[in-house]
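These are the residues of each chain, in order.
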Amino acid sequence: MARQWESVIGLEVHLQLKTGTKVWCGCSADYDNSPTNTHTCPICLGHPGALPKLNKKVVECAVKAALALNCKINNVSGFDRKNYFYPDTPKNYQITQFEKPYCEKGFLDVKLNSGREFTVGITRIQIEEDAGKSIHAGSESLINFNRASMPLLEIISEPDLRSSEEAYEYLNLLKSTIKYTGISDVSMELGSLRCDANISVMEKGSKVFGTRVEVKNLNSFKAVARAIDYEIGRQIEAIENGGTIDQETRLWDDDAQVTRIMRSKEDAMDYRYFAEPDLPKLVIKDEEIERVKGLMPESKSAKLKRFIETYALPEYDANILTDEIELADYFERVVKVTDNAKLSSNWIMTEVLRELKESGRSIEESKINSEDLGKIINLIQKEIISSKIAKELFTIKLNDDRDPEVIVKEEGMIQVVDLGEIEGIVDQVLNENPKMVEDFKNSDEGRKPRVLKGLIGQVMKLSKGKANPKIVTELMESKLK
Ligand SMILES: [Zn+2]
């Protein structure tokens, strides 16, 4: 019998915090479009004698993350130096939390698409600083220190994940949970979220984990999943062929879809951690934790509950709408305009989400803002246009700057409610389709609605979808009697 394998995965996630200024100095953290090396000072450049001072906003963000991830916050923790030489680290050490992190022992409950639920433990979260950026251009290497000493949180999970699917869903949940707190953009594209994976395999049922391999250079959640699958396959194959797994760090090559060795255990650095002498202990009092609790924005689960209760939405709708905070906000803005939660939800879950999927845009980049969607829905509610025309209007609006109400007027999309005008079209259809009329009269009650629908369809077609369907149906029914 073939040997059965089980994989063990733990993830380390780095988040860049939105704190206005850097972690130890007053340099602006908003450096994205700034010239290189302009957001720097003696502190973040590590000049001798320059002393770091902890940014209070960083602590507030860190506490928010701890609360969102159900962690136990340590009232007293400290900072340590992780010593290593790398050109983008001006001090030749990174200030991090090694001995004791500010919080630990948290968890996230993850639900898979299949409905299966599992819990992922959060071992610890530590506050630390980012490095600068090396830019390799031909034979030259340049360094930009704008990112040096940007505040980071490192979130380390327990090795509780057993597959790439579990890792993928955990990352998605972690991302949306953090996004709800507003402390980070959590964008892998922008570099404000980074992830490394620790992967090992063991025989099914074993209690002893195999040797783990760390995989870096993962630039999307999909890449994380693919790298995990690749590593599991590589490690099983190596062991089944009589080999062993070395504890090493590997890099994911997204073009070749393989991992390659970066450094072996022998090359592993000895960081010689020691307590940071330039910073006092980090003290987070219970009052401070209570204060931050009061600042926490509504959580995802609270919002879900509120959407079901306040808007009388089905759980299915509420789940989709609260998946991302931006979508939840968009929904609430649309409802403010329409005062009709279910109709607004229907439009967002069908037309809006389909359009976003097709265009690859996020809700914030949507071509139809909440105000415009609200206006389109109101045109249906006021019976100025039919739902069918509203979908056409939605499509036109994607590439049209005019107001939806103006488009409807200028493109002649307004619904026909004039009784005489509709009656004329109904009569025309009845005259031109004697066979269908005959069919209707000879049909039993079971078949009649189908024939009626066919005749109404003809009227709608002739009116180019503009005849009011309610009036058409009433007229058609009374004329056929
Ligand atoms: Zn600075």
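All figures in this text were calculated on a predicted structure; none of them were measured in a lab.

Considerations on the packing of helix H12 (residues 419-432) against helix H14 (residues 448-462)
Here is step 1 of the chain: With their axes 9 Å apart at the nearest point, H12 and H14 run at an angle of 125° to one another. It follows that H12 is oblique to H14 by the angle criterion. For the element pair H12 and H14, the recorded crossing hand is right-handed. Residues Ile425, Val426, Gln428 and Val429 of H12 form the contact with H14, whose participating residues are Leu455, Gln458, Val459 and Leu462.
Here is step 2 of the chain: Counted by class, the contact of H12 with H14 contains 6 nonpolar, 2 polar and no charged residues.

Focus: the environment of Ile320
Here is step 1 of the chain: Secondary-structure assignment places Ile320 in helix H6 (residues 315-321).
Here is step 2 of the chain: Judged by relative accessible area, Ile320 falls into the partly exposed class, the value being 24%.
Here is step 3 of the chain: In the structure, Ile320 is positioned 120 residues away from Ser200 in sequence and 34 Å away in space, judged by C-alpha atoms.
Here is step 4 of the chain: When near neighbours in sequence (up to four residues on either side) are disregarded, Ile320 contacts Leu327, Met349 and Leu353.

What about the sheet that holds strand E10 (residues 151-157)?
Here is step 1 of the chain: Pairing in this open sheet of 9 strands is mixed, and the strands run E2-E6-E7-E10-E1-E11-E12-E13-E14 from one edge to the other. On the outer flanks of this sheet lie strand E2 (72-73) and strand E14 (258-264), each paired with one strand and no other.
Here is step 2 of the chain: Pairing of strand E13 (residues 248-253) with E14, which is carried by 6 bridges, proceeds in the antiparallel orientation. Note that in E14 the partner of Glu248 across the bridge is Ser264.

Considering the coordination of the zinc ion
Six octahedrally arranged donors around a metal ideally form angles of 90 or 180 degrees; four tetrahedrally arranged donors ideally form angles of 109.5 degrees.
Here is step 1 of the chain: The protein atoms that coordinate the zinc ion are Cys25 (SG), Cys27 (SG), Cys41 (SG) and Cys44 (SG), at distances spanning 2.3 to 2.4 Å.
Here is step 2 of the chain: For the zinc ion, all donor residues lie on one chain, and their spacing in sequence is C-x1-C-x13-C-x2-C.
Here is step 3 of the chain: Given a relative accessible area of 18%, Cys41 falls into the buried group.
Here is step 4 of the chain: Residue Cys44 is classed as buried on the basis of its relative accessible area of 1%.

A word on the nonpolar core
Here is step 1 of the chain: In this structure, Leu11, Leu69, Tyr102, Ile125, Leu153, Ile155 and Tyr170 are the most contacted members of the largest nonpolar core, which totals 65 residues.
Here is step 2 of the chain: Apart from the residues lying within four places of it in its own chain, the contact partners of Leu153 are Val13, His14, Leu15, Leu17, Ala62, Ala65, Tyr102, Ile125, Gln126, Ile127 and Ile183.
Here is step 3 of the chain: Counting 36 residues, the second-largest nonpolar core is a separate cluster that includes Leu327, Tyr330, Val334 and Met413.

Here's the deal with the UniProt feature "domain: Asn/Gln amidotransferase" (unreviewed entry) in the protein
Here is step 1 of the chain: Taking the numbering used here, the UniProt-annotated feature "domain: Asn/Gln amidotransferase" (unreviewed entry) corresponds to residues 329-480.
Here is step 2 of the chain: Structurally, residues 329-480 is divided into 72% helix and 0% strand, and its ends, taken at the C-alpha atoms, are 49 Å apart.

Procedures and definitions
Residues numbered from 1 in each chain as written. Predicted model: local features only at pLDDT ≥ 70, side-chain atom pairs only at ≥ 80, totals over all residues. Heavy atoms only, no water. Axes fitted to C-alpha atoms, helices over the stretch in contact; angles between N-to-C directions. Helix = DSSP H or I, 4+ residues; strand = E, 2+ residues; numbered from the N terminus. Parallel < 35°, antiparallel > 145°, perpendicular 65-115°, else oblique. Left-handed = near helix turned anticlockwise from the far one by under 90°. Contact = heavy atoms within 4.5 Å. Nonpolar A, V, L, I, M, F, W, Y, C, P; charged D, E, K, R; others polar. Buried < 20%, exposed > 50% of the residue type's maximum accessible area, 1.4 Å probe, protein only. Pairing = 2+ DSSP bridges. Donors = N, O, S within 2.8 Å, 3.2 Å for Na, K, Ca; no water. Core = buried A, V, L, I, M, F, W, Y, C linked by side-chain atoms within 4.5 Å. UniProt positions renumbered as here; feature names shortened; annotations may be inferred.

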